[in-house]
Amino acid sequence: MVTDRIIFLFVALLSGMLTHAQIPTPALSQAKSILITGGTVHVGDGKVIDEGAVGFRDGRIDYVGFGYGVKAAYDTTINAKDQHIYPGFIVPDSPLGLIEIEQARATLDMRDVGQYEPELRSISAYKSDSRVTPTIRSNGVLLAQVAPRGLVIAGTSSVVQLDAWDSDGAIVKADDGVWMTWPAAYQRQGWWAEPGETDSEKKDERAKKIEELRTFFRKAKAYAAELKPSTIDARMEAMRGLFNGSKALFIRTDAAREITEAVLFAKAEGVKRTVIAGGYDAWRVADLLRDNQVDVILRRTHSLPMRPEDDIDMPYKLPALLKERGIRFCLGYTGDHEHAGARNLPFVAGTARAHGLSPEDALRTITLDAAAILGIDQRCGSLAVGKDATLIISAGDALDMRGNDVRLAFIQGRRISLDNHQKQLYRQYRKRLEGGQ
Amino acid sequence: MRKSLFAFLFAPLLALSQSTPPPAHVRDAAPTLIAFTNATLHTDARTVVKKATLIIRDGEVITIGDKVSIPPNAVVRDLNGLHIWPALIEPYSDLGLVASTPDERKAENRAARHWNAALRADAKAHELYKADAERSAKLREQGYALVIAHRMDGIARGTSAAIALNDEPAVKSIVAPDAAAHFSFRKGSSQDSYPGSLMGSIALLRQTLLDAKWYATLPQNRETDAVLLDLVRQIDGRMVCEASERNDVLRWSKLLREFQLTGIVKGAGDEYARLPEIKAVGMPLIVPFAQPEAYDVEDPYDALEVTYARLKHWELAMRNAYLLDSAEITFALTAHGRKELKDIWKDLRKLVANGLDSAKAIEKLTSEPARLFGLDSRYGALRPGMRASFLITSQHLLHEKNAIHETWVEGKRFVIDDPDKPRLAGSYDLNLGDAIWLLEVTGEAGKNEATVRRPDEADSLKVKARLDLQGRVVSLSFAPKGKPEEVTRLNGSVHGEGGVWDGQGQRPGGAWFAWSAVRRADSKQVKKDASTPLGASTKPDSAAARAKQVFGPITYPLVGYGWKDALLHETIVIRNATVWTNTAKGILRSADVLIHEGKVKAVGEKLDALALFPGKSKPAIAEIDGTGKHLTCGIVDEHSHIAIARGVNEGSHYNTSEVRIGDVINPDDVNIYRNLAGGVTTIQQLHGSANPIGGQSAVIKLRWGRSADSLVLSGARPRIKFALGENVKQSNWGPSSRFPQTRMGVEQAFYDAFHQARAYQAEHDRWSVLKPKERDGKAAPRRDLRMEALAEILRGERDISCHSYVQSEIAMLMHVADSMGFKVNTFTHILEGYKVAQAMKRHGASASTFSDWWAYKLEVNDAIPHNAALLHLNGVHTGINSDDAEMSRRLNQEAAKAVKYGGVSAEEAWKMVTLNPARMLGLDHRVGAVEPGKDADLVLWSADPLSIDARALSTWVDGVRYYDEARDREQRAWIATERDRITRAMMQAKADGAPSRKPGRERPRLWHCDDMGDDEYMMDEHDGH
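This one's a predicted model, so the numbers in the text were calculated from it and none came from an experiment. Residue positions are given per chain, counting from 1 as you read along its sequence in written order. Chain letters and ligand numbers both follow the written order, the letters beginning at A and the numbers at 1. pLDDT decides what is reported in this predicted model: residues at 70 or higher carry local features, side-chain atom pairs at 80 or more are listed and counted, and totals for whole chains, interfaces and linings draw on all residues regardless. To get the side-chain values, all heavy atoms of the structure are used, and hydrogens and water are removed first.

> Before we go on, may I ask you to explain the side chain of A:Thr156 in this structure?
Residues and elements named next belong to chain A. Tracing the chain through its elements places Thr156 in strand E9 (residues 153-161). Exposure is judged per residue with a 1.4 Å probe applied to protein chains only, and the accessible area is read against the type maximum: over 50% gives exposed, under 20% gives buried, and values in between give partly exposed. For Thr156, a relative accessible area of 0% corresponds to the buried category. Residue contacts are defined here by distance: any two heavy atoms, one from each residue, within 4.5 Å place the two residues in contact. Once residues lying within four places of it in the same chain are set aside, the contact partners of Thr156 are Pro118, Leu120, Arg121, Ser122, Pro148, Asp175, Gly177, Val178 and Lys247. To qualify as a helix, a DSSP run of H or I must reach at least 4 residues; to qualify as a strand, a run of E must reach at least 2; elements of each kind are numbered from the N terminus.

Dropping the structure here:
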């Protein structure tokens, strides 16, 4: 059973450092079969295998189990003793590849103008060679759902893997969902010395907005009933998938009243699959969500409570609250610095663990459950035979800052470079220091 | 005696004012003596004279008493059964003084006046006043006869005038010019960009007050400034300062005290939340007393959006007056800012129901405002010699059924609701000569409606009659049902109080006849007879109402998670914890730490705590088992913007070194508490990074619940914010033309500012060594606070935290500093610090950076998360900061990233959020380590503080446990209970008819480096730093 070559991890590390291009070159497809053995395998579905092994060839996993159970021969064996093997992490609802530098307008492609624009497709603007992406994946995030932002209907997202020559090559699932922002139920207001307006006029405005949305959806549904319409309407075409289940409707909203309204709206309009993004109050309306099989992409756990006297740890413990109530959810990283900050996705899961989720449940929120909610769990999200070999090896607990030390990462069996622009600068200046310059 | 009084009364009128135009006709010289008799006369809120006579002449009270002889030539009015009260005074009004138009401002700016248009001290109400008859009438209807009005526009707003609501020309209605000088923190209609924040407003006022004092000392003015000229006078007189919220009251007091001034503060009605502090400043107040609208909280989800602070305000707004009074704070009540003026009566009754003595309630509207403005010899009460401004009412002023019949202003009568007016309502026998019909009159006087029918007819056959009453002449016309052409028309007189009418009428066909109407004995009409006493004046029964009212406690601060009781420092020993000492001792695996009187008293293994207290009296020492837990010093955040009120940037000028965050600390920000829960105990509150030279920092400890001033860490070295790069050159904020626009310009901005400061310092140095004789006839050089802050830097008395990103600009500022002879204490953000680390080390600058932020703007494209490690390896004191209200409560996690990126040891990484920033702030002798003698700022963690699993279990500041996980859980439960209690009261109030509004979302603004403006609340997420 002993294979012809053994690569120790430090060798792997060294070879990684040899890459000097600014943007690491995408890896070639898996030519040789690989077995990772000796490490702790975190399957992603809640199971953990101590001294486990994961084997994969041609980009697909063909073995997951105890090290001693491996029967097949592999070209390469990687000894991952004392290391941890995880499925690649998945960041949902991200503008990664649509934003290069937040305050450089020319590099922004995440938000257009208009109101109801489902026809805007994120994949068409997705920059697969963004300088940000390599810094994300070197912390273990290997898949992203790239979603447009703003408007009432912002556009259509796609799921990508983070090591590709071009945007087409990055696609894991094209046009997976339409993104909508539910009209806010509560108007902003000042303090009592200068109260803002919260009048019936605003209320009417909102009712009007919702009515417009309803009209839009009804039109879209009628349009979808015709398979070959005589006149093509780009917006309506983009909506078609919502009514046959090929696309999900992602609705950004947080307050309980809004979530309820949004779920009932989608149901009434014949949307087959609805996901709430944000979902701060989702735990309050758990029955409704469960009854309608609505999943949640939960807002960043590293955020402030939405209301001044909410429990101060409310965002931290939301995952545990949702888990307790049987809602299927995954963790998002929306908010300030959301594109470059996505490398902290494992730590928002770690915080969920520190505040009530079991370690493997915390992992699920950025692996298998994320894949299921994005509709890619047939291929991704856990270490299972037949799935893509998209996984990482970390020297320690990858959900902790100090443990997260990704030594090797594979996307569809391809060993990707873990180098990035920032590590290059670090090496340069480390050398400068060592050289006494 | 009586004789001489009469002689006085009949003395010819001599007092023609100089402003009365010469007569154009035969003069009206008859004395206008009026005697009101048989009234229940309230000379003030506490003194009643029954069956009293009040004699007035020419707008003045001549005599008052129950045994007064009435001069024969007096016009007598019998007020039997009615009350007389001193008229109300509105102390805070803008009647007749609308904000200036842009055209007016242009004209004003051509005058010799101050460069800043928010300073309008030269605006004088008595010059600008334009009579507003409609508003005056509305005020009189509610019993006001006098207002103190000023133009509510700008920071220095000029003077107010006392204006009598007598509808006379301004010469006669303005009874006192220069009643007070008025100030606010709001710049009003000024189009100047400066000031653009609360701290800018305060700084501008501070400089201007200095200027005024200096201006007054000039032997010869080289220039004329109308604003300063007026200010010089105004600061010696009465000053009224406007506060937008409770903390502003303290801000005003602090500012005025710097100049040994005091004044009156117009509050926002939420003073109850900082009562002890407000009492301590000893300034009289003018406060509003409007009942806030309830919220629609029937829906439990909607109710979530109403904050506890808002619920409490709804509950306590009407208790404020009572609490102020109980604290013996002098105050007057204002109706300014109300939606409905007429609601004052309802609300006054609520003040009384909530505990305020009813006489006091009236005083706050009469004698108190008069006293505050020095008008009490003429207004606010009724005594001989005072002005004849009074009310004739049906009852006690606060009685629910009270009607104000007449408001007399300066001896001039305004009828609000004529007491002599006939009251027509009732059922009458209408004798038409050939038949007796039934007449029914309903409705209030003036709005009567009438129907008639034949007595034997069904009620359904009654017809509407047209009824019109003018004076005592009535006309009535009607036609039988279905025969509109058969109109009967009547005209006649109304007798007595309205029970008998008679006159002539014309029938269909034209025949005239005599008619009469007599009110039936069984009529439901309630008798309203001016000649019949209404009984004793009815005081609102407050005791019963008071007993019913339940108020929750007032917490400090009065927002969620405030304390019900004052917290005390503990004497406590934490045993067997892993102690991160940040000293040469390193991390102790199982050690005890004793804290006492706010300090760490001992650190060691198996401490015999009692033995550490020599002598006989031993304190009670509590113990905490720290087994499996970690104890550290508190986190020090070098870069924070929490707890700052109304604007973090005064970015309007490239140098705003005079503005002070210390002026605008917001002790009510819940983020203080949230930070404590993240183990943070000390923060530097920095000005933003909008301009090269920003404002002065405040260094505070998170003593949650204390007032703004008590948060300040006394003894901290003064600091200031500088900034470089894209923010200060305004790269990302749309078109702008303010200098500088390049990094080249930024450099020159610094050089120019410091050259100026040097020259400034030299001028003052020269002056300071002059002998008194040599100073003769010369003026001292002007003090310029902007220059003084820079001079302090040059003298090494003020340390800099400089926002910086790229290598070139970091090097540039160090060159500027080296050539000018000062040091840059700390570069903050400093994301390219790793590129110039050696130069920084040579200069002696520290670095306070982000753990892993980048890609948010072009200048952070080379930002790397290994920055902290590289700086550290280069020997630069390195810290990791937040600049973010969310991240600041997880700085322990951010420190751990220095281990992840670059391999810093855990102990050194921990120092990056504690000891190292403490050093930068010059506070390492007090905070940043766990050792005897240091402040007991400690955090007990559930796990290794650098691990993702760590939670702060308890946080002490100065030995006071301001955060405790177990207590936090109790707080939550308590907040829920309180919310429930007030929510239910709110629903009850709404059910009882109180107006209500839909809840909105309250989202206090979280400040970042590059946030402009002073709007406290925002909706949108905000990127940048």
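> Hey, could you run me through the packing of aromatic side chains in this one?
Here a ring pair, both rings aromatic, is described through the centre-centre distance and the interplanar angle of the planes. Residues and elements named next belong to chain B. Pairing of aromatic rings covers Phe, Tyr and the six-membered ring of Trp, with a centre-to-centre limit of 6.5 Å; geometry is then stacked below 30 degrees between planes, edge-to-face above 60, and tilted otherwise. Tallied over the entire structure, the rule returns 30 aromatic pairs over all chains. A ring pair is formed by Tyr428 and Trp501, whose centres lie 4.8 Å apart and whose planes are at 50°; its orientation type is tilted. A residue pair is termed long-range when its members are at least 10 positions apart, and Tyr428 in strand E18 (residues 426-431) and Trp501 in strand E24 (residues 500-506) qualify at 73 residues. Note on Tyr428: relative accessible area 0%, which makes it buried. For Trp501, a relative accessible area of 0% translates into the label buried. Distance and angle both matter: a charge sits over a ring if NZ of Lys or CZ of Arg is within 6 Å of the ring centre and within 35 degrees of the ring normal. The cationic tip of Arg338 hangs over the ring face of Phe289; the distance from NZ or CZ to the ring centre is 4.3 Å.

> Just to check I follow, could you spell out the nonpolar core for this structure?
Nine residue types can take part in a nonpolar core, namely buried Ala, Val, Leu, Ile, Met, Phe, Trp, Tyr and Cys, and a core is a set of them joined through side-chain atoms within 4.5 Å. Counting residues in hydrophobic clusters, the biggest one holds 270 residues, and the most contacted among them are A:Phe89, A:Phe217 and A:Leu289. Among the elements that take part in this core, helix H6 (residues 198-217) of chain B stands out by supplying eleven residues, more than any other.

> In this structure, what is going on with the packing of helix H19 (residues 743-768) of chain B against helix H22 (residues 807-820) of chain B? I would like to understand it.
The angle between the axes and the distance between the axes are what describe a pair of packed helices. Residue and element names in this part refer to chain B. Running from amino to carboxyl end, H19 crosses H22 at an angle of 15°, the nearest separation of the two axes being 10 Å. Our classification of the angle between H19 and H22 gives roughly parallel. Both H19 and H22 take part in a crossing whose hand is right-handed. Residues Arg743, Val746, Glu747, Phe750, Tyr751, Phe754, His755 and Arg758 of H19 pack against Ser808, Glu809, Met812, Leu813, His815, Val816, Ser819 and Met820 of H22. Its residues assigned to classes, the contact of H19 with H22 comprises eight nonpolar, four polar and four charged. Only the stretch in contact is used when a helix axis is fitted, and all axes are lines through C-alpha atoms; the angle between N-to-C directions ranges over 0 to 180 degrees. Here is the rule for angles: anything less than 35 degrees is roughly parallel, anything more than 145 is roughly antiparallel, 65 through 115 is roughly perpendicular, and the remaining ranges are oblique. Should the near helix be turned anticlockwise from the far one by less than a right angle, the crossing is left-handed, and should it be turned clockwise, the crossing is right-handed. The nonpolar class holds Ala, Val, Leu, Ile, Met, Phe, Trp, Tyr, Cys and Pro. Asp, Glu, Lys and Arg form the charged class, and all remaining residues, Gly among them, are polar.

> What exactly am I supposed to notice about the pairing of strand E19 (residues 436-442) of chain B here?
Here is the key point about a regular strand: its side chains alternate between the two faces of the sheet. Residue and element names in this part refer to chain B. Paired strands, in this sense, are two strands between which DSSP finds at least two bridges. Two elements, E18 and E19, share six bridges in a ladder whose sense is antiparallel. In the strand pairing of E19, Leu430 is matched with Trp437. Where E18 folds back onto E19 in an antiparallel hairpin, the turn is made up of four residues, including Gly433, whose phi is positive at roughly 85°. Bridge count between E19 and strand E20 (residues 449-453): five bridges; the pairing is antiparallel. Bridge pairing in E20 places Glu440 opposite Thr451.

> Hey, could you run me through the sheet that holds strand E38 (residues 846-849) of chain B in this one?
Sheets are built from strands paired through backbone hydrogen bonds, the pairs being either parallel or antiparallel. All names here are of chain B. The sheet built from six strands is open, its strands ordered E33-E35-E36-E37-E38-E39 with mixed pairing. Since the sheet does not close on itself, it has two edges, and those belong to strand E33 (693-696) and strand E39 (878-880), each with one partner. Strand-to-strand twist in this sheet, taken as the mean axis angle between neighbours without regard to direction, amounts to 25°. Examined bridge by bridge, strand E35 (residues 719-723) and strand E36 (residues 799-804) share five bridges and lie parallel to one another. Pairing of Phe722 across the sheet is with Cys802, part of E36.

> Whenever I open this one, the interface of chain B and chain A confuses me. Can you help?
Accessible area lost during the coming together of the parts is what is often quoted as the interface size. Contact residues are listed per partner, giving 92 residues for chain B and 70 residues for chain A. Accessible surface is computed with a 1.4 Å probe, and the buried area is the amount of it that two parts give up when combined, taken over both parts together. Interface of chain B and chain A: buried area, both sides summed, is about 7200 Å²; carbon and sulfur atoms make up 53% of it. Salt bridge, as applied in this entry: a Lys or Arg side-chain nitrogen positioned within 4 Å of an Asp or Glu carboxyl oxygen. Along the contact surface separating chain B from chain A lie nine salt bridges. Each polar contact in these results corresponds to two N or O atoms within 3.5 Å; when the atoms are within protein, one needs to be able to donate a hydrogen and the other to accept it, and residues that are neighboring in sequence are counted only if both atoms are side-chain atoms. Summed over the shared surface of chain B and chain A, the result is 34 residue pairs in polar contact (both at pLDDT 80 or more). Of the residues that constitute the side of chain B that touches chain A, the class distribution is 38 nonpolar, 18 polar and 36 charged.

> Could you clarify how one ought to interpret the pattern of salt bridges in this entry?
Oppositely charged side chains can pair when the atoms bearing their charge come close. Scanning the entire structure with this criterion turns up 121 salt bridges over all chains. A:Glu338 is the salt-bridge partner of A:Arg149, the closest N and O atoms lying 2.7 Å from each other. Remark: A:Glu338 occurs in the loop between strand E14 (329-331) and helix H9 (345-354) and A:Arg149 occurs in the loop between strand E8 (141-146) and E9; sequence separation between them is 189 residues. Both residues of the pair, A:Arg149 and A:Glu338, count as buried. Among the salt bridges present, the one from B:Arg743 reaches B:Glu809, with a minimum N-O distance of 2.6 Å.

> Looking at this structure, how should I read the sheet that holds strand E10 (residues 171-181) of chain A?
Residue and element names in this part refer to chain A. Overall, mixed pairing links the eight strands, which are arranged E7-E8-E9-E10-E11-E12-E13-E14 in an open sheet. Among the strands making up the open sheet, the edge pair consists of strand E7 (89-94) and E14. Taking the axes of each pair of neighbouring strands and ignoring which way they run, one obtains an average angle of 25° across the sheet. The sheet contact formed by strand E11 (residues 248-253) and strand E12 (residues 274-278) spans five bridges and is parallel. Each bridged residue has a counterpart across the sheet, and for Leu249 the counterpart in E12 is Thr274. Where helix H5 (residues 234-244) meets the sheet, it contacts E9, E10 and E11, and its direction lies at approximately 95° from that of E10.

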